[in-house]
Amino acid sequence: MSALAVNYAPLDIDIADGDGVWITDTAGNRYIDCLAGYSALNFGHRNPELTAAAHAQLDRVTLTARAIGNDRLLPFAEAVTALTGTEMLLPMNTGAEAVETAIKTARKWGYDVKGVPRYDATIIVAANAFHGRTTTIISMSTDPEAREGFGPYTPGFRVVPYGDAAAVAEAIDETTVAVLVEPVQGEAGVIIPPEDYLEALRATCTAANVLLVLDEIQSGLGRTGATLTQDLSGVRADLTTLGKALGGGIIPTSALVGRRDVIEVVTAGTHGSTFGGNPLACAVGLAVTKILGTGYYQERARTLSPILAERAKDLVADGLLTDVRCLGLWMGVDVANLTGRQVSIRLAERGVIAKETHGNTIRFAPPLCVTEDELHQVMDALTAALRA
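If you're wondering where the values come from, they're calculated on a predicted model, not measured in any experiment.

What follows concerns the environment of Val288. Tracing the backbone through its elements, the reader meets Val288 in helix 10 (residues 279-293). C-alpha of Val288 to C-alpha of Ala79: the two residues are 209 residues apart in sequence and 9.5 Å apart in space. Beyond its immediate stretch of four places on either side in the chain, Val288 contacts Phe43, Leu50, Ala245, Leu246 and Gly248.

Shown next, in the form of structure tokens:
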């Protein structure tokens, strides 16, 4: 009997070492990592700039709690807001905490500023979304596996189809304080909405005095070929959640960024976190902003994207895949005649780590330092796995 709770069904592989896009298991087998910690490892395993920042901070101070300040916190906030074109940052640890912070902030703004009757606030969300696994967040989920057995559920959410801006507009009423969506639905299988979706949501929210909240925890920080996926639409959300890659794959780090006048409704004592904004996380996060500030990784994601997309389209033409969706170095494929789990196992046997989601769908999210040759190795392995 294992002492470890079974809340995951991982591949039967134990990783012992990682370097760049490559990981090595306890038996010495090497794999290209196309999971990348669900995009937490956008800059690769043991990125030297990030590990150097962590090592240096470990020799100074790692935690103070927010009862006092630390010399990394304000520079971190300034760097992240400058990078993302936002005005204020509220630091947290995990992606789910960032989303919870966005929900609380939107509700408080609704009561204090918009004048929604106390505790009547509603937030519009999308079907098939994934924002985390807290009891509040699963209350807006349509995924039975994440939701069932954990009620009673938190009220205050209205679910509409993803990608349908007209349905969002129709759902808004005098109690609506926010619209919360992912620019691309990652857990659902890299579902890309219509090109004008975010622009339409921005216009609708502005006209109705409703906050647009975009969850960029997986889609942000270079993955789709821009610092934020919303940049591709020329849109700026009122609030944006960040996480995963913000901690460089080294330490859990998340943040809510956005409009100063909105985030300022959160005042001393109304929200917090012991580890949120800790010096170690801030030091790594500062190094992340420096890396992204060059634009190098965003450009790589744009330049290398066609390798994944075009080769996957060939597999659709051959009848081995039924659909492919690709944006930057982020791809979801739907498998024909096999389960995603079966293909994931076959991929591992061929030196590639990827993971199924929702039955016959597999996501690919290699670190952004992947090379052209390595991407071809990935697609060769996928082709062989599907033909096996």
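Next, the rest of the story.
Here the focus is unusual backbone geometry. That bond from Gly151 to Pro152 is cis: its omega, 5 degrees, falls within 30 degrees of zero. Checked against the element boundaries, Pro152 lands in the loop between helix 6 (144-147) and strand 6 (157-160). Positive phi values are uncommon outside glycine, yet Asn128 reaches one of about 65 degrees. When you line up the elements, Asn128 lands in the loop between strand 5 (122-126) and helix 5 (135-138).

In space, the four strands of this open sheet follow the order 11-12-15-14, with antiparallel pairing throughout. Each edge of the sheet is formed by a strand with only one pairing partner; in this case those strands are strand 11 (321-326) and strand 14 (355-357). Taken pair by pair, the neighbouring strands of this sheet meet at an average axis angle of 25 degrees, ignoring direction. With four bridges joining them, strand 12 (residues 331-335) and strand 15 (residues 361-364) adopt antiparallel strand pairing. Within strand 15, the residue paired with Gly332 across the bridge is Arg363.

As a further point, take the packing of helix 11 (residues 296-317) against helix 13 (residues 372-387). Where helix 11 meets helix 13, the axes come as close as 10 Å, and the angle between the chain directions of the two elements is 15 degrees. With respect to helix 13, the axis of helix 11 lies roughly parallel. You can see that helix 11 and helix 13 cross each other, and the crossing is right-handed. Every residue of helix 13 that contacts helix 11 at Leu304, Ile307, Leu308, Arg311, Ala312 and Leu315 is listed here: Glu372, Leu375, His376, Met379, Asp380, Leu382, Thr383 and Leu386. Of the residues contributing to the contact of helix 11 with helix 13, the split by class is nine nonpolar, two polar and three charged.

Let us look at the sheet that holds strand 3 (residues 30-33). Across the sheet, which stays open at both edges, the four strands sit in the order 1-2-3-13 with mixed pairing between neighbours. Looking along the sheet, the strands with just one partner apiece sit at the ends: strand 1 (15-19) and strand 13 (352-353). Here strand 2 (residues 22-25) runs beside strand 3; their pairing, made up of three bridges, is antiparallel. Considered in strand 3, the bridge of Trp22 is made with Ile32. Sheet strands in contact with helix 13 are strand 2, strand 3 and strand 13, and its direction is about 100 degrees off that of strand 3.

Core analysis: the largest hydrophobic core is formed by 59 residues, its most contacted members being Val343, Leu347 and Phe364. Tallying contributions element by element places helix 10 first for this core, with eight residues. For Val343, the contacting residues outside a window of four places in its chain are Val335, Leu338, Ile362, Leu382, Ala385 and Leu386. Counting 29 residues, the second largest nonpolar core, distinct from the first, contains Leu90, Ala106, Ala178 and Val262.

Here helix 13 contains 16 residues, and its C-alpha end-to-end distance of 23 Å stays within 8% of the 22 Å for a straight helix at 1.5 Å per residue. Turning to helix 13, its buried residues are Glu374, Leu375, Val378, Met379, Ala381, Leu382, Thr383, Ala385 and Leu386.

Looking now at the pairing of strand 5. The buried count for strand 5 comes to five of five residues, which makes it a mostly enclosed element. Of the two faces of strand 5, the one holding Thr122, Ile124 and Ala126 and the one holding Ile123 and Val125 are both buried throughout. Relative to strand 7 (residues 176-181), strand 5 is paired through four bridges, and the arrangement is parallel. Following the sheet pairing, Val125 is matched in strand 7 by Leu180. As paired elements, strand 5 and strand 6 share four bridges and run parallel to each other. Bridge pairing links Ala126 to Val160 in strand 6.

Cut-offs applied
- Residues numbered from 1 in each chain as written.
- Predicted model: local features only at pLDDT ≥ 70, side-chain atom pairs only at ≥ 80, totals over all residues.
- Heavy atoms only, no water.
- Helix = DSSP H or I, 4+ residues; strand = E, 2+ residues; numbered from the N terminus.
- Contact = heavy atoms within 4.5 Å.
- Pairing = 2+ DSSP bridges.
- Axes fitted to C-alpha atoms, helices over the stretch in contact; angles between N-to-C directions.
- Parallel < 35°, antiparallel > 145°, perpendicular 65-115°, else oblique.
- Left-handed = near helix turned anticlockwise from the far one by under 90°.
- Nonpolar A, V, L, I, M, F, W, Y, C, P; charged D, E, K, R; others polar.
- Core = buried A, V, L, I, M, F, W, Y, C linked by side-chain atoms within 4.5 Å.
- Buried < 20%, exposed > 50% of the residue type's maximum accessible area, 1.4 Å probe, protein only.
- Expected span 1.5 Å × (residues − 1).

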